[in-house]
Amino acid sequence: MKLEHQKNIQMLNTLRIPSVANAYVNCRSLLEIRQAIAWACDHDKKVYVLGGGSNVIPLQHIQGLVLQPKLKGIEVFVHNNDEVLVKAGAGENWHSIVCYCVERGYHGVENLALIPGDMGAAPIQNIGAYGAELKDVFWQLEALNIQTQQLEVFDFADCDFGYRDSVFKNAKRDQYIITSVTLKLSTKAKPNLSYPALASHLRERGIDNVDAKDILNAVIHIRRSKLPDPRLVPNAGSFFKNPVVSVQQYQTLLASFPDIPAYEVSLTQKKLAAAWLIEQTGWKGKPLDKVLVHKDHALVLTNPSCEIADKVLGLADAIARDVRAKFDISLELEPRLIGEL
Ligand SMILES: Cc1cc2nc3c(=O)[nH]c(=O)nc-3n(C[C@H](O)[C@H](O)[C@H](O)COP(=O)(O)OP(=O)(O)OC[C@H]3O[C@@H](n4cnc5c(N)ncnc54)[C@H](O)[C@@H]3O)c2cc1C
């Protein structure tokens, strides 16, 4: 285990926020993770888990230990005639796993192509895009309990997945380090074209007998044409979750804002488009303290001058305040804070 002190983790988060961790360690094995936890325990340090850093806001000074679980390895098991189980280490890159599966004819992850980050983080917020979510292909995961140092297995029911949500953001928050994730994938093609923009992209190009590779390429194309590349423009993807409201609250809003877009979640709930709400407050394309709301995506905050977390959160607060004032809706941050407030 190679512990580093006073480590600047600016290049380890996609918002390029300068942040100095009192201690940092990159762990390549379960043994190294256990050693790092033991060190944190001996030195009374809180453990902060960092994956690819694409969904975090690191505060300027982090007193605890930042631990990156970079466990590698991919194993494939035959599950039954039509299905395989693909188990990958937490440190594998998510998009590389997607490509690995598509190349071998394992179907189910292609709609989730190009989402930045590591395998181990994918269950944390049940990553989702283009009509699919991790939960659709999730089989189980292994995670180290930080308190007991025991490795535990979480099945689908244990994870309590929801929209950009799981048990690891709620009851079991900050208690586990996910070490591997296993997906259940089909060897039979099952194209998911439920997302209208994806279906029309393929239709416009005259692709009829759609397979997983077509979907993978289409998703990559759409994402590259729409979203800013964090390597060029520091960002963390969507900065706010789409708010879910009761049908009653939606009806009240509809009376004042007849154009308000909404998607059905259940018979009693509707999901609103956070981007639309932000646009209505006039923040799209606007800066505050050199942090910007993207000119094409009201949901994406960009940090071109690599400002500290306080500045990024300052813009987020200003947006949330204006949305609350106009719509009486509280926006929730999607990225997680790392460090002590
Ligand atoms: C340009 C861009 C586009 C994006 N598009 C999407 C999208 O379409 N859909 C979507 O859902 N998300 C999207 N995201 C968000 C992000 O890519 C995902 O949330 C991703 O899963 C984060 O992975 P990460 O490895 O970077 O995690 P990090 O940002 O490092 O960590 C995120 C959270 O997970 C925890 N964590 C990480 N690894 C582990 C582990 N092994 N064990 C326990 N906890 C862990 C961290 O403590 C933190 O709370 C986007 C981000 C960017 C920058």
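Basis of the calculations
Here the residue numbers are simple positions, counted from 1 along each chain's written sequence. Totals for whole chains, interfaces and linings use all residues, but because this is a predicted model, local features are given only for residues with pLDDT of at least 70 and pairs of side-chain atoms are given and counted only at 80 or more. Excluded from the side-chain calculation are hydrogens and water; included are all heavy atoms of the structure. Note on method: axes are straight lines fitted to C-alpha atoms, helices fitted across the in-contact stretch only, with angles between N-to-C directions ranging 0 to 180 degrees. Strands here mean DSSP runs of E at least two residues long; helices mean DSSP runs of H or I at least four residues long; both are numbered from the N terminus. Any angle from 65 to 115 degrees is called roughly perpendicular, while one under 35 is roughly parallel, one over 145 is roughly antiparallel, and all others are oblique. Each crossing gets its hand from how the near helix is turned against the far one by less than a right angle, where anticlockwise is left-handed and clockwise is right-handed. Whether two residues are in contact is decided by their heavy atoms, any of which lying within 4.5 Å being enough. Under the scheme applied here, ten amino acids are nonpolar (Ala, Val, Leu, Ile, Met, Phe, Trp, Tyr, Cys and Pro), four are charged (Asp, Glu, Lys and Arg), and all others, including Gly, are polar. By convention here, the domain bounds are inherited from an automatic or database domain assignment. When two parts are brought into contact, each loses some accessible area as probed by a 1.4 Å sphere; the total of that loss over both is the buried area. Salt bridge, as used here, is a side-chain nitrogen of Lys or Arg placed within 4 Å of a carboxyl oxygen of Asp or Glu. Under this definition, polar contacts are N or O atom pairs within 3.5 Å; protein pairs additionally need one hydrogen-donor-capable and one acceptor-capable atom, and for neighbouring residues in sequence, both atoms have to be side-chain atoms. We define proximity as follows: a residue is near a molecule or strand when any one of its heavy atoms falls within 4 Å of that partner. Per-residue accessibility takes into account occlusion by the displayed protein chains alone, with areas from the Shrake-Rupley method and a 1.4 Å probe.

Where helix α2 (residues 94–103) meets helix α5 (residues 212–226), the axes come as close as 10 Å, and the angle between the chain directions of the two elements is 155°. Relative to α5, the element α2 is oriented roughly antiparallel. Between α2 and α5 lies a crossing of left-handed hand. Packed against α2, whose contacting residues are His95, Val98, Cys99 and Val102, the element α5 presents Ala212, Lys213, Leu216 and Ile220 at the interface. A class-by-class count of the residues in the contact of α2 with α5 yields six nonpolar, one polar and one charged.

This brings us to the domain arrangement of the protein chain. The extent of an interface is frequently quoted as the accessible surface area lost upon association of the parts. Taken as a whole, the protein chain is organised into domain 1 (3–69), domain 2 (74–226) and domain 3 (235–338). Counting from both sides, the interface comprises 17 residues of domain 1 and, opposite them, 17 residues of domain 3. In total, about 1,500 Å² of surface goes out of reach between domain 1 and domain 3, with carbon and sulfur atoms giving 66% of it. Interface area lost by domain 1 to domain 3 is led by Leu15, Asn55 and Ile57, which between them contribute 44%. Counting across the domain 1 and domain 3 interface gives zero salt bridges. Applying the counting criterion to the domain 1 and domain 3 interface returns six residue pairs in polar contact (both at pLDDT 80 or more). Breaking the side of domain 1 that touches domain 3 down by element, the ones donating at least two residues are β3 (47–49) and β4 (56–58). Looking at the side of domain 1 that touches domain 3 element by element, the count peaks at three residues for β4.

Neighbouring residues of the ligand: 31 residues in total, closest Val49, Gly51, Gly52, Ser54 and Asn55. In the model, an oxygen atom of the ligand is placed 3.5 Å from a nitrogen or oxygen of the Arg164 side chain. Coverage of the ligand by the protein chains reaches 93% of its 970 Å² of free accessible surface. For the shell around the ligand, the secondary-structure elements that each account for two or more residues are β8 (128–129), β12 (176–186) and β13 (235–238).

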